[in-house]
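# Understanding the architecture of this molecule
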Amino acid sequence: MIQVDDQLERRIRKPVDALRCVVSCVWIIAAAVAAVAASATTSGVETDIVGASRRLPHALLDIAPPVALFALLIVPAVLALSQLVRRQVRRLIEAAVTGLAAGAAAQVANILLPRPAASRLYYAVIMSRPGATHVDALDPYLAGLVAFVTMIGLTGRPGWRNAIGLAVGIYAVVQLAALHTTGLSILITLLAGRAIGLAVRYAAGSASQRPTALAIATVLSAGNPAVTEIRRVRQSHAEVVGSRHYAAATQDGGQLDVVVFDSDQQAAGIFYGLYRWVRLQGQVARGTPLSVDRAVERTALLSYATQDAGVPTPRLRALVRVGPEAAVLAYEHCPGTTLAQRNPGCTDAELGRVWDTVILLHERYVAHRALTAEHILFTPDERVMLLDPGEGDIAASDLQRNLDLAQLIVELALYVGPEKSVQVAVDKVGGSELVAVLPLLQPVALVRSTRHALRRRRDVLPAVRKALLAAVPGEEVAPVRLERIRVRTLVTLVATVAAVYLLAGELAHASLGHLLRSADWRWGFAALALSAATYVGASLSVSGFVAQRLGFARTLLVQLASSFVTLVTPAAVGGVALNIRYLQRRKIPAPVAVASIGVSQVAALALHVLLLAVCAAIAGTDDGSSFRPPTWAYFVVAGLLLLAGAVLAIPAGRRMVRARLLPTFNQVLPRLVEVAQHPRKLAEGFGGALLLSLAYIACLSTCVSAFGGSMSVAKVGVVYLTGSALGSIFPTPGGLGAVEAALTAGLTAAGLPGAAAVSAVLLFRLLTFWLPVPFGWVALSYLERRHDV
């Protein structure tokens, strides 16, 4: 009799459901984009369908739709009855609720799509000209039926799949012939119902069909010594192979480590694997097998290759299938402790044995590719075993083996220290051989668990680089590019698309031609000059709070480049990051660079508040019309004050505020004291920040004058300073939307006519936000080529 200790999950989330859901959503987006792009062609298709349908008998068009609908009602009813017979009541209830939710979602879409904001998409889906016809874009019943069937799942039931497909096909043809819908509408409806069903099925989980531990033990006993005991083992580390793990005892006194690959986990990690494949070079990104069979075959092959190389690793005793739902690998159990379980780490002799084992593996052109502390086992007989080699590579290239060495050096550095790890590596491999490893010491080349550990200990990787660079003096270190697409390149691409889209959206609210014709360009050129002056002020503000001398022209280019980066980051965030990067490239230590930019930001904030108070006081004493902020401004201020009071009233909130502010003050205050010892630098920094704010205020004032408006500079200052503050609160690129709304409302409240306020704000944003974008892109490209950012 087999003793069993198992905790089998009753419901399982299948990664393949998430993958199919995403694919369905991508197809929906592709169909919608294609429909909008080819609206003229689809209108012609609609004309052809109408002409063909008119040649059909009128009686047939009247009778066919209700008959097709009745057939479509019968099939799911019989399917629901079969679920009751099979006693799958819970799945039936979940499917029914999901179907109703999908139908409701389709009906909501039918209500929203005809509205002006989505009317173009609506008429493209129904293949009609605006105002010609008004039919539903989606079929709620069909969407609900597809979601219902998807939730039930028809895998292994070909008869039901054929029946459902035939019923849906007949229903679609009849609806098309009767002109109740369009082909594109049916396609999007089917995809939407499937996406909703898959999303709910993944979130709620599916009933587990996994084989039990008893079934696994029974199969293993057929060709090996009989299994007498099997118990579930939970694995805590991230780099784990398989979906379940068991410890088994055999009749001859042996121990087995059993790894189960369940078919419901196929495509697990596909999104992360796809991300790594797109971002990294082919040999750096480890492939993710989509099927369980491929994963099992690869794991077994690497296990045999490791054994053949003479490297100690648990011997694979059996590879068997347990029904159609799982494949099982059984390894001999090897006693010992892993490096992760050692506290403290290990001795110099043990480190040497670790390196000897890895070098032996590499001599047979096999790479492990997951040399983490959990995969390095120290046995009682003083051997070093490498566990789970299934993620490795056979016929490994020099790059793949060097990636192994880089991973091992960094992983050991986390446990024994950077200097000791590098010293052992130099002793075992040699300094000349490690020259090729040095440029591979990048986070992107390391295992995920190692990268997470490095985030907590940020000093380790720089220390490893420094120690390794000192160990190979005089050697030329050639740079190695591991990334296929850099994050910066991706950000640039997204920023370009965002720029075109957002600019088109802003210009849609007003005619650019009318704006340019109606503006007095004597004021317009003055506003353009003031917009350029803001970059001079920003440059002085940065260089003034840095003790080292910075080139003015190069600093000016960095501020211009930040106008492009702002397209994909909230206001000021992108500029701050770019400035810190620039200072680091100027050989300024990272803590000093962060503190310098922090001082610049604090100075700008202080001047912002001071100018707002001064402008408000002057505007309140003007003899002209009174300035009353719009009503919503009072609610915004009240809401912010209420939120701040609520946070400060709670002890946890006060702790959070202290945790956020104290590090900033601890960085800023010493730097401010240091800069204060140089009055010229202090004047340069505060003068630049003052010039920046005053130039923006003057630019907005001249934009108002360009459209015949008359308003005191103090009132314009209140409007600008308030609007820019609101824009920095809302997390949109460059404060888009929030800044425009706040400035327009403020100018209108100050007495400027609505049309003039809109035109002035649009001209202001064109000159200060949109016009610098192409120049910012050129500046950023130039700085990147010169490695200044």
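If you're wondering where the values come from, they're calculated on a predicted model, not measured in any experiment.

### A word on the overall build of the protein chain
In terms of helices and strands, the protein chain carries 29 helices and 13 strands. Of all 789 residues assigned to the protein chain, the portion counted as buried reaches 44%.

### A few points about the environment of Leu8
Looking at the secondary structure, you find Leu8 in the loop between strand S1 (3-5) and strand S2 (11-12). Sequence separation of Leu8 and Arg210 is 202 residues, and the distance between their C-alpha atoms is 8.1 Å. What Leu8 contacts, discounting residues up to four positions off in sequence, is Arg210, Pro211, Thr212, Arg232 and Arg244.

### With respect to the pattern of salt bridges
Summed over all chains, the structure comprises 21 salt bridges. Close ionic contact of Glu332 with Arg315 constitutes a salt bridge, the shortest N to O distance being 3.1 Å. In this pair, Glu332 sits in strand S8 (residues 326-332) while Arg315 sits in the loop between helix H11 (292-308) and strand S7 (316-322), placing the two residues 17 residues apart along the sequence. A relative accessible area of 40% means that Arg315 is categorised as partly exposed. Close ionic contact of Asp381 with Arg383 constitutes a salt bridge, the shortest N to O distance being 3.1 Å. The exposure class of Arg383 is partly exposed, given its relative accessible area of 37%. One salt-bridge network, held together by shared partners, links Asp6, Glu9, Arg210, Arg232, Arg234, Arg244, Asp262 and Asp264.

### Brief notes about the nonpolar core
Judged by nonpolar contacts, the single largest core of 51 residues is most densely connected at Trp355, Leu408, Ile409 and Leu441. Secondary-structure elements contributing two or more residues to this core are H11, helix H12 (348-363), strand S11 (376-378), strand S12 (384-386), helix H13 (398-416), helix H14 (418-429), helix H15 (448-456) and helix H16 (460-471). Residues contacting Leu441, with those up to four places away along its chain left out, are Ala406, Val410, Leu461, Val464, Arg465 and Leu468. Grouped together as the second largest cluster of nonpolar side chains are 32 residues, Val704, Phe707, Met711 and Leu743 included.

### Considerations on the packing of H13 against H14
Packing of H13 against H14 leaves a shortest axis separation of 7 Å and a crossing angle of 135 degrees. What the angle tells us is that H13 and H14 run oblique. Crossing geometry of H13 relative to H14 is assigned as right-handed. Residues Ile409, Leu412, Ala413 and Val416 of H13 touch H14, and the partners they reach there are Pro418, Lys420, Ser421, Val422 and Ala425. Looking at the contact of H13 with H14 residue by residue, the class counts come to seven nonpolar, one polar and one charged.

### Points about the sheet that holds strand S4 (residues 227-232)
If you walk across this open sheet you meet the six strands as S1-S4-S5-S6-S8-S7, and the pairing is mixed. Edge positions in the sheet fall to S1 and S7, since each of these pairs with one other strand and no more. Direction aside, the axes of adjacent strands within the sheet are offset by 20 degrees on average. Judged from the seven bridges that link them, strand S6 (residues 255-262) and S8 form a sheet pairing that is antiparallel. The residue bridging Val260 from the neighbouring strand is Val328, located in S8. Most of the contacts of helix H9 (residues 213-223) go to S7, to which it runs at about 120 degrees, and overall it touches S1, S4, strand S5 (244-250), S6, S7 and S8. Lying on the sheet, H11 is in contact with S6, S7 and S8; it crosses S7 at an angle near 170 degrees.

### Overview of the side chain of Ser600
Position of Ser600 relative to the elements: it lies in helix H22 (residues 590-620). At a separation of 3.0 Å, a polar atom in the side chain of Ser600 contacts the side chain of Ser541. Excluding residues that lie within four positions of it along the chain, Ser600 makes contacts with Ser541, Val542 and Phe545.

### Description of unusual backbone geometry
The phi angle at Tyr365 is positive, at roughly 60 degrees, despite the residue not being glycine. The backbone phi angle of Lys587 is positive, close to 65 degrees, even though this residue is not glycine. Mapped onto the secondary structure, Lys587 falls in the loop between helix H21 (573-585) and H22.

### Some thoughts on the sheet that holds S12
Spatially, the three strands line up as an open sheet ordered S9-S11-S12, and their pairing is antiparallel. A strand with exactly one partner marks an edge of an open sheet, and here the two such strands are strand S9 (337-338) and S12. Docked against the sheet, H12 engages S11 and S12, running at close to 45 degrees with respect to S12.

### Digging into the packing of helix H20 (residues 552-565) against helix H29 (residues 772-785)
Their axes nearest at 7 Å, the elements H20 and H29 cross at an angle of 120 degrees. By the angle between their axes, H20 is oblique relative to H29. Note that H20 runs across H29; the crossing there is left-handed. Where H20 abuts H29, its residues Arg554, Leu557, Val558, Leu560, Ala561, Ser563, Phe564 and Val565 lie against Pro772, Val773, Phe775, Gly776, Trp777, Ala779, Leu780, Tyr782 and Leu783. Considered class by class, the residues forming the contact of H20 with H29 number 14 nonpolar, two polar and one charged.

### Describing the packing of aromatic side chains
Summed over all chains, the structure comprises six aromatic pairs. Geometrically, the ring pair formed by Phe545 and Phe686 is edge-to-face, given 5.5 Å between the ring centres and 75 degrees between the ring planes. One end of the pair, Phe545, is in the loop between helix H19 (521-544) and H20; the other, Phe686, is in helix H25 (residues 679-706), and 141 residues separate them in sequence. What makes Phe545 buried here is its relative accessible area of 0%. On the basis of an interplanar angle of 70 degrees and a centroid distance of 6.4 Å, the ring pair of Tyr696 and Phe764 is categorised as edge-to-face. Highlighted residues: Tyr696 in helix H25 and Phe764 in helix H28 (residues 754-770), separated in sequence by 68 residues. We note that Tyr696, like Phe764, is buried. Aromatic rings pair up to connect Tyr696, Tyr720 and Phe764 into one cluster. Over the aromatic face of Phe378 sits the side chain of Arg342, whose NZ or CZ is 4.4 Å from the ring centroid. Here the basic side chain of Arg765 rests over the ring of Phe769, its NZ or CZ set 4.6 Å away from the ring centre.

### A word on the pairing of S8
Extensive coverage of S8 is indicated by the burial of six of its seven residues. As judged from the six bridges shared by S7 and S8, these two strands associate in the antiparallel manner. What sits directly across from Val320, in S8, is Val328. Two successive antiparallel strands, S7 and S8, enclose a turn made up of three residues, where Gly323 displays a positive phi of approximately 70 degrees.

### What to know about a nonpolar patch on the surface
The grouping of Leu81, Leu84, Val85, Val89, Ile93 and Val97 at the surface amounts to a nonpolar patch, some 570 Å² of accessible area in total. Of all the elements in the fold, those that place two or more residues in the nonpolar patch are helix H3 (58-85) and helix H4 (89-112). Mapping Val97 onto the fold places it in helix H4. Among the residues examined, Val97 registers a relative accessible area of 51% and is labelled exposed.

### Considerations on the environment of Trp277
Along the chain, the position of Trp277 falls in helix H10 (residues 270-279). Sequence separation between Trp277 and Arg484 is 207 residues, and the spatial gap between their C-alpha atoms is 8.4 Å. In this structure, Trp277 is in contact with Ala285 and Arg484, ignoring residues within four places of it in sequence.

### Remarks on helix H6 (residues 140-152)
Residues three or four positions apart in an α-helix share a direction because the helix packs 3.6 residues into each turn. Taking 1.5 Å per residue as the helical rise, H6 with its 13 residues ought to reach 18 Å, and the 18 Å between its terminal C-alpha atoms agrees with that figure. Counting buried positions along H6 gives eleven out of 13 residues, so the element sits mostly inside the fold. Within H6, burial applies to Leu142, Ala143, Gly144, Leu145, Val146, Ala147, Phe148, Val149, Thr150, Met151 and Ile152. Positive phi appears at Gly153, one or two residues downstream of H6, with a value of about 85 degrees.

Rules of the game
- Residues numbered from 1 in each chain as written.
- Predicted model: local features only at pLDDT ≥ 70, side-chain atom pairs only at ≥ 80, totals over all residues.
- Heavy atoms only, no water.
- Helix = DSSP H or I, 4+ residues; strand = E, 2+ residues; numbered from the N terminus.
- Buried < 20%, exposed > 50% of the residue type's maximum accessible area, 1.4 Å probe, protein only.
- Contact = heavy atoms within 4.5 Å.
- Salt bridge = Lys/Arg side-chain N within 4 Å of Asp/Glu carboxyl O.
- Core = buried A, V, L, I, M, F, W, Y, C linked by side-chain atoms within 4.5 Å.
- Axes fitted to C-alpha atoms, helices over the stretch in contact; angles between N-to-C directions.
- Parallel < 35°, antiparallel > 145°, perpendicular 65-115°, else oblique.
- Left-handed = near helix turned anticlockwise from the far one by under 90°.
- Nonpolar A, V, L, I, M, F, W, Y, C, P; charged D, E, K, R; others polar.
- Pairing = 2+ DSSP bridges.
- Polar contact = N/O pair within 3.5 Å; in protein donor to acceptor, adjacent residues only side chain to side chain.
- Phe/Tyr/Trp six-rings, centres within 6.5 Å; stacked < 30°, edge-to-face > 60°.
- Lys NZ or Arg CZ within 6 Å of the ring centre and 35° of its normal.
- Patch = residues over 30% accessible without salt bridge, like charges linked within 9 Å, V, L, I, M, F, W, Y side chains within 5 Å.
- Areas by Shrake-Rupley, 256 points an atom, 1.4 Å probe, with all protein chains shown as cover.
- Expected span 1.5 Å × (residues − 1).

These results come straight from atomic positions and should not be treated as a statement about function.
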